Amino acid sequence: MMKILDEGTVTSQLDRQNYPYQVLLLDETYLSELSAFQQATYQEMTNKKLYAPIPDEMIRAVLGDKGLTLGLIIRDKLYGFVCFYFPGDDAENLGKDAGLPDQELEHVVHWERCLIAPEFRGNNLQFRLGELLVQATTALNKNYRYMCATVAPNNYPSLHQLFEQQKMVAVALKKKYGDLWRFVFFQDISHPVQILKEDAIAVDCEDHEGQSSLFKRGYYAFHALQDEGSLKILFSK
């Protein structure tokens, strides 16, 4: 039986009715359902550059010993998930992009993916699942110090979650998952990055050249500002 980490009610965007939900710690028995859910949700996206589906091999890893995955269950069906991946000596360890020395890479955890079905968005579930994932990882005494992630520069919900909830900063802009621009997020949990927010520089989310220039000059991105249809990224040192 799957361990229940949280339960409550959420509102459907389709019929405005409330439905009970549970958040479960998932294992490999959910491989097929998680893969199918991800594919179906991805196909509904109008801007597919915002999300890079993880292959079944990675899904198997985050459901097993190399990760930790929580699932949102409503009406006995998967409607969302969030997962951590412990990359270890993986060539794609994001600690390398963040400039960590090789001996520190074993202490990196990837905030891998968070995906909620459109029907149940708007319930603050992305934040809640993220909070529960960190708590579950801490309870398992996983030996990590550095949290890393990748997010598209124009994906406001995910930017907001990592900036505001996880207190992470973006340290680089890289091409990932083929040819997709992604911010590399980073945080040293033992010694969080300290920046002077008063001297912030605002850059449009689509200005990749401007963002890259600031990263090369030692700036961090620390906040996403959405206003009147535009999205600005705030940088400082």
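Residues numbered from 1 in each chain as written. Predicted model: local features only at pLDDT ≥ 70, side-chain atom pairs only at ≥ 80, totals over all residues. Heavy atoms only, no water.

### Considerations on the side chain of His-110
Next up, step 1: Topologically, His-110 is positioned in strand β5 (residues 108-116).
Next up, step 2: Engagement of the side chain of His-110 in a polar contact is seen with the backbone nitrogen of Leu-94, the distance being 2.9 Å.
Next up, step 3: In contact with His-110, not counting residues within four places along its chain, are Cys-83, Phe-84, Tyr-85, Pro-87, Glu-92, Asn-93, Leu-94 and Cys-148. (Helix = DSSP H or I, 4+ residues; strand = E, 2+ residues; numbered from the N terminus. Polar contact = N/O pair within 3.5 Å; in protein donor to acceptor, adjacent residues only side chain to side chain. Contact = heavy atoms within 4.5 Å.)

### Details of the pattern of salt bridges
Next up, step 1: Throughout the structure, instances matching the rule amount to eight salt bridges.
Next up, step 2: For Asp-188, the salt bridge identified is with Arg-145, shortest N-O distance 2.9 Å. Here the residue Asp-188 occupies a position in strand β8 (residues 180-188), and Arg-145 occupies one in the loop between α3 (125-139) and β6 (146-151), the gap between them amounting to 43 residues.
Next up, step 3: By relative accessible area, which is 9% here, Asp-188 ends up buried.
Next up, step 4: Where Lys-232 meets Asp-204, a salt bridge forms, and the shortest distance between an N and an O atom there is 3.8 Å. Remark: Asp-204 occurs in strand β9 (residues 201-204) and Lys-232 occurs in strand β11 (residues 230-236); sequence separation between them is 28 residues.
Next up, step 5: Residue classification places Lys-232 among the partly exposed positions, given a relative accessible area of 30%.
Next up, step 6: Among the charged side chains, a salt-bridge network with shared partners connects Asp-6, Arg-128 and Glu-131. (Salt bridge = Lys/Arg side-chain N within 4 Å of Asp/Glu carboxyl O. Buried < 20%, exposed > 50% of the residue type's maximum accessible area, 1.4 Å probe, protein only.)

### Here's the deal with the layout of surface pockets
Next up, step 1: As a volume, the largest pocket reaches approximately 820 Å³.
Next up, step 2: Sorting the residues of the lining of the largest pocket by element identifies α1 (31-44), β5, α3, β6 and α4 (156-165) as the ones contributing at least two each.
Next up, step 3: Roughly 350 Å³ of volume is contained in the second largest pocket.
Next up, step 4: Every element with two or more residues in the lining of the second largest pocket is listed here: β5 and β6.
Next up, step 5: Counting residues per element, the lining of the second largest pocket draws most heavily on β5, at four residues. (1 Å grid on protein atoms, 1.4 Å probe; cavity = no way out; pocket = protein on both sides within 12 Å on 5 of 7 lines; lining within 4 Å. Points joined across faces, edges and corners; volume = space filled by probe spheres on them.)

### Quick word on the pairing of strand β3 (residues 67-74)
Next up, step 1: Burial analysis of β3 places eight of its eight residues in the buried class, which makes it a mostly covered element.
Next up, step 2: Residues Gly-67, Thr-69, Gly-71 and Ile-73 line one face of β3 and the alternating positions Leu-68, Leu-70, Leu-72 and Ile-74 line the opposite face, and both faces are buried.
Next up, step 3: In terms of strand pairing, strand β2 (residues 18-25) meets β3 through five bridges, oriented antiparallel. In the strand pairing of β3, Leu-24 is matched with Gly-71.
Next up, step 4: By the bridge criterion, eight bridges tie β3 to strand β4 (residues 77-85) in an arrangement that is antiparallel. (Pairing = 2+ DSSP bridges.)

### Brief notes about the side chain of Glu-104
Next up, step 1: Examined against the element boundaries, Glu-104 turns out to sit in the loop between β4 and β5.
Next up, step 2: Of the side chains with opposite charge, Arg-145 lies nearest to the buried Glu-104, which makes no salt bridge, at 4.3 Å.
Next up, step 3: Among the polar contacts made by the side chain of Glu-104, one reaches the side chain of Tyr-146 at a distance of 2.7 Å.
Next up, step 4: Not counting residues within four places of it along the chain, the set of residues in contact with Glu-104 comprises Arg-145 and Tyr-146. (Lys, Arg positive; Asp, Glu negative; His and termini not counted.)

Just distances and angles here, no functional claims.
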